[in-house]
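Structural overview for review
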Amino acid sequence: MKQSDVLLQVTDLKVHFPLGGGLLSRRPRGTVKAVDGVSFHVNRGETLGLVGESGCGKSTTGLAVLRLVEPTSGKVVLNGQDITAMNRRELRAVRRQMQMVYQDPFGALNPRMRVLDIIGEPLVVHKLTRSKAEYRERVYELLNLVGLNPNMAERYPHEFSGGQRQRIGIARALAANPELIVCDESVSALDVSIQAQVINLLEDLQKQLNLTYLFIAHDLAVVRHICDRIVVMYLGRIVEIAPREELYENPRHPYTQALLSAIPVPDPDPAAQRPLDPALQGEVPSPLDPPAGCPFHPRCRFARPECSQRAPVTVDLGGGHSVACHLYDPAVAGSAAAV
Amino acid sequence: MASVQAETTAAEATAAPAPLLRVRGLKTVFRQEHGEVNAVNGVNFDVRPGETVAIVGESGSGKSITAMSILRLIPSPPGEIVDGEIEFAGRDLLSLSEEEIRLVRGNEIAMIFQEPMSSLNPVLTIGQQLAEPLIVHKRVQGKKAIRERCLELLRQVRIPDPERRLDCYPHEFSGGMRQRAMIAMGLACEPRLIIADEPTTALDVTVQAQILELLKELTRTRGTSMILITHDLGVVARYADRINVMYAGRIVERGTAQEIFNSPKHPYTIGLMESMPRLNQPAGTRLKPIPGQPPDLSKLPRGCAFSPRCRFATERCRQETPELTQLSAEHWKACWVDIDEAV
């Protein structure tokens with residue numbers, strides 16, 4: 001892949017949160033390693049899915065990419081510019097290129113602002129329009145773009161349904177003509193009939209405006225539908241990256257396999273269901289106290305002694321498929337690759 | 001009285017097994033400043049002994065209000081059950097006194113809610129909360145006997161290390177463990193019917209699968225009936241015997257899981273199926289959403305509530321409300337249009 005095709009490059013990103021010692025003590029009690037050494041890239045015009053269960057660090061990764069939380073270490077490079085090294089003024093300029101669409105269409109919009117001003121806020125912040133008339137014109141254009149009627153501009157968020165509010169959130173994200181949009185569970189809170197409308201809208205806008213999406217979600221059926229490549233996270237680390245078809249047809253990491261087996265398939269024919277992975281017991285451990293070595297080893301049916309001792313290295317399987325698991329590491333005796 | 005009941009039971013038994021729960025013409029409204037919200041608007045369905053019946057629908061379809069109406073848990077005011085019959089094991093639950101319905105709740109009919117954290121009491125240990133239904137409904141006496149029974153319940157829902165867990169508070173449990181504890185509480189009195197309202201919606205997918213498998217196994221082995229309320233069609237396909245699809249306070253289609261998924265007959269059900277990204281369809285297939293928005297329940301359209309969003313709607317649909325009519329042994333729909341002819 002040519003270097004110029006990469007819009008976003010994330011290298012060894014870490015986000016650690018100190019845990020406060022309580023009311024009377026300033027000394028931190030420990031650290032939550034929400035994101036612990038994550039590397040991936042997003043190509044221009046593609047949709048990269050970031051999936052995992054709660055506490056896996058997918059949302060924190062999304063926030064750190066936009067520097068809405070400060071990374072502890074690592075690099076985030078957008079369009080060749082290192083965002084992690086920027087001061088506030090430089091950051092403001094580059095933020096135009098990247099926007100976010102949030103999960104909760106009820107919490108993300110200021111209830112006291114008219115839709116006109118919600119959508120127009122980025123235009124004001126980045127000084128993108130020169131006159132009142134031009135401002136209004138642009139907001140109407142954005143409303144049209146997301147399938148809402150421009151005569152809705154004078155209304156307030158409470159007058160809209162969940163699906164319409166999410167459209168307003170998308171219109172606001174598009175206002176500054178960004179290249180990258182981080183969608184954090186953007187369709188998760190919507191009912192299925194409305195969710196399909198918003199998914200189609202996101203797909204149409206991508207084609208029309210050549211957008212790049214970092215699509216953070218836990219619903220693996222939606223992710224398969226919308227994403228070109230998928231990153232699977234577990235407890236702050238990436239366990240597998242693969243193109244869509246490859247991930248769903250040929251998952252390699254035991255966690256990915258278990259995750260896919262757990263999706264309820266909307267088909268009553270037992271043959272259509274993936275057999276539930278019997279080994280998948282227990283829950284995601286607390287990120288406060290992650291297991292040593294490979295974080296998945298206490299729940300993994302293939303776990304061997306080295307899994308609890310050393311963190312696995314990422315193994316490139318070719319074709320854009322990589323996995324962080326001792327099973328595939330040729331350097332580990334008895335691994336699938338070594339056999 | 002008893003002989004009359006025996007006769008009807010015998011007559012029904014020749015056609016189908018007598019239902020454990022029979023809901024007819026249920027109407028629940030909420031009175032608000034701006035008028036009445038018809039949350040449940042004439043719902044009929046049965047639950048037979050030992051089966052799992054799903055009620056699926058999107059937000060505002062009335063599925064949860066239906067469930068809460070069965071146990072008379074509707075906050076009043078503003079809510080009120082204005083019409084209908086709810087017959088459970090031969091008794092009309094709507095005519096019971098407050099005292100009598102309390103003896104049914106948690107005892108003969110148990111409810112499992114979506115959010116285990118807000119349904120558990122944060123200042124009581126899991127053991128204390130498990131013991132409550134045993135003491136109140138089953139009159140289990142003696143500290144040792146109660147503790148033994150509680151431990152047994154925790155083992156049944158596979159909570160590891162139950163001796164220690166019994167003395168824990170809810171905040172010390174993970175989300176999945178809390179939901180297991182809720183299920184243990186639901187099972188405590190060996191109910192004949194469990195109402196599970198979005199029991200796994202707040203949980204991660206790997207934990208969801210464990211909880212649903214557990215519920216399926218426990219209901220199958222005990223012959224307990226279950227009403228599974230959910231918006232997730234995937235969950236329904238895997239775990240329900242029969243499915244009721246709700247829209248705007250009414251059941252619009254009912255059938256076996258096979259009928260609903262393989263040959264849906266109501267345009268809304270068909271629309272739901274087409275809206276859903278599926279793992280077994282070619283990736284990149286464009287979704288076909290249902291156009292428009294769900295209706296405002298205080299201003300329902302005339303005729304069929306789905307007609308403004310329905311691509312098959314005719315003039316009749318906009319004038320008259322269709323009732324559920326039988327298509328085959330288990331398959332019912334409330335729609336004027338013959339889909340097979342209209343397509």
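Residues numbered from 1 in each chain as written. Chains lettered and ligands numbered in written order. Predicted model: local features only at pLDDT ≥ 70, side-chain atom pairs only at ≥ 80, totals over all residues. Heavy atoms only, no water.

1. Considerations on the overall build of chain B
Here is the rule: Think of it this way: any DSSP run of H or I at least four residues long counts as a helix, any run of E at least two long counts as a strand, and we number them from the N terminus. With the radius of gyration taken over C-alpha atoms, the globule rule is written as 2.2 Å times the number of residues to the power 0.38. Buried, partly exposed and exposed residues are distinguished by accessible area as a fraction of the type maximum, computed with a 1.4 Å probe on protein chains only: under 20%, between the cut-offs, and over 50%, respectively. What makes two residues a contact is simply this: any of their non-hydrogen atoms within 4.5 Å. We get accessible surface area from the Shrake-Rupley algorithm with a probe of 1.4 Å; when it comes to residues, only the shown protein chains can shield them. For this count, His and the chain ends are skipped, Lys and Arg are scored as positive, and Asp and Glu as negative. In this description, the location of a charge corresponds to atom NZ of lysine, CZ of arginine, CG of aspartate or CD of glutamate.
Helices and strands together make up the secondary structure of chain B, namely 14 helices and twelve strands. Relative to its length of 343 residues, chain B is compact, with a C-alpha radius of gyration of 21 Å against a globular reference of 20 Å. Taking the principal axes of the C-alpha coordinates as reference, chain B spans close to 70 × 60 × 50 Å. Within chain B, the fraction of its 343 residues that count as buried is 53%. Contacts in chain B between residues far apart in sequence, at least 24 positions, make up 64% of those at least 6 positions apart. Of the accessible surface of chain B, which amounts to about 15,200 Å², a share of 51% is contributed by carbon and sulfur atoms. Charge separation in chain B, taken as the distance between the mean sites of 41 positive and 43 negative side-chain charges, equals 3 Å.

2. Digging into the packing of aromatic side chains
The way to describe two aromatic rings as a pair is by their centre distance and the angle between their planes. Going by this rule: When the centres of two rings from Phe, Tyr and Trp lie within 6.5 Å, Trp using its six-membered ring, the rings pair. Their planes under 30 degrees apart give stacked, over 60 give edge-to-face, and anything left gives tilted. Counting as a charge over the ring demands two things of the Lys NZ or Arg CZ atom: a distance within 6 Å of the ring centre and an angle within 35 degrees of the ring normal.
Under the criterion given, the structure shown has six aromatic pairs over all chains. Arranged with centres 5.2 Å apart and planes meeting at 85°, the rings of Tyr234(A) and Phe296(A) form a pair that is edge-to-face. In this pair, Tyr234(A) is assigned in strand 9 (residues 229–234) and Phe296(A) in the loop between helix 9 (254–262) and helix 10 (305–309), connecting sequence segments 62 residues apart. By the burial criterion, Tyr234(A) is buried, and Phe296(A) matches it. Here Tyr268(B) and Phe306(B) contribute two aromatic rings whose centre-to-centre distance is 5.3 Å and whose plane-to-plane angle is 70°, an arrangement assigned as edge-to-face. With a gap of 38 residues between them, Tyr268(B) in helix 12 (residues 267–275) and Phe306(B) in the loop between helix 12 and helix 13 (315–319) connect regions that are remote in the sequence. Residue Tyr268(B) shares its accessibility class with Phe306(B), and that shared class is buried. Cluster of aromatic residues (ring-pair linked, three or more members): Tyr234(A), Tyr255(A) and Phe296(A). Over the ring of Trp336(B) we find Arg316(B); its NZ or CZ atom is 3.7 Å from the centre of that ring.

3. Quick notes on the interface of chain A and chain B
The following threshold applies: Throughout, buried area stands for the accessible area (probe radius 1.4 Å) lost by two parts on being put together, summed over both. By definition here, a salt bridge exists when the distance from a side-chain nitrogen of Lys or Arg to a carboxyl oxygen of Asp or Glu is within 4 Å. In the analysis that follows, any N or O atom pair within 3.5 Å is treated as a polar contact, provided that within protein one partner can donate a hydrogen and the other can accept it, and provided that, for residues neighboring in sequence, both atoms belong to side chains. For this classification, the nonpolar set comprises Ala, Val, Leu, Ile, Met, Phe, Trp, Tyr, Cys and Pro, the charged set comprises Asp, Glu, Lys and Arg, and every other residue, Gly included, is treated as polar.
With 40 residues of chain A in contact, the opposing surface of chain B contributes 45 residues. In total, chain A and chain B occlude about 3,700 Å² of area from one another, counting both sides; carbon and sulfur atoms represent 55% of this. Together, Pro266(A), Pro268(A) and Glu283(A) form the three largest contributors to the area buried by chain A at its contact with chain B, with a combined 18%. Where chain A packs against chain B, one counts two salt bridges. A salt bridge links Arg286(B) to Glu203(A); the shortest N-O distance between them is 3.9 Å. There are 16 residue pairs in polar contact (both at pLDDT 80 or more) connecting chain A and chain B. Going through the elements one at a time, helix 6 (192–209), helix 7 (220–226), helix 8 (244–249) and helix 9 of chain A are the ones with two or more residues in the side of chain A that touches chain B. Sort the elements by how many residues they give to the side of chain A that touches chain B and helix 6 of chain A lands first, with ten residues. Classifying every residue of the side of chain A that touches chain B gives 17 nonpolar, twelve polar and eleven charged.

Structural measurements only, silent on function.
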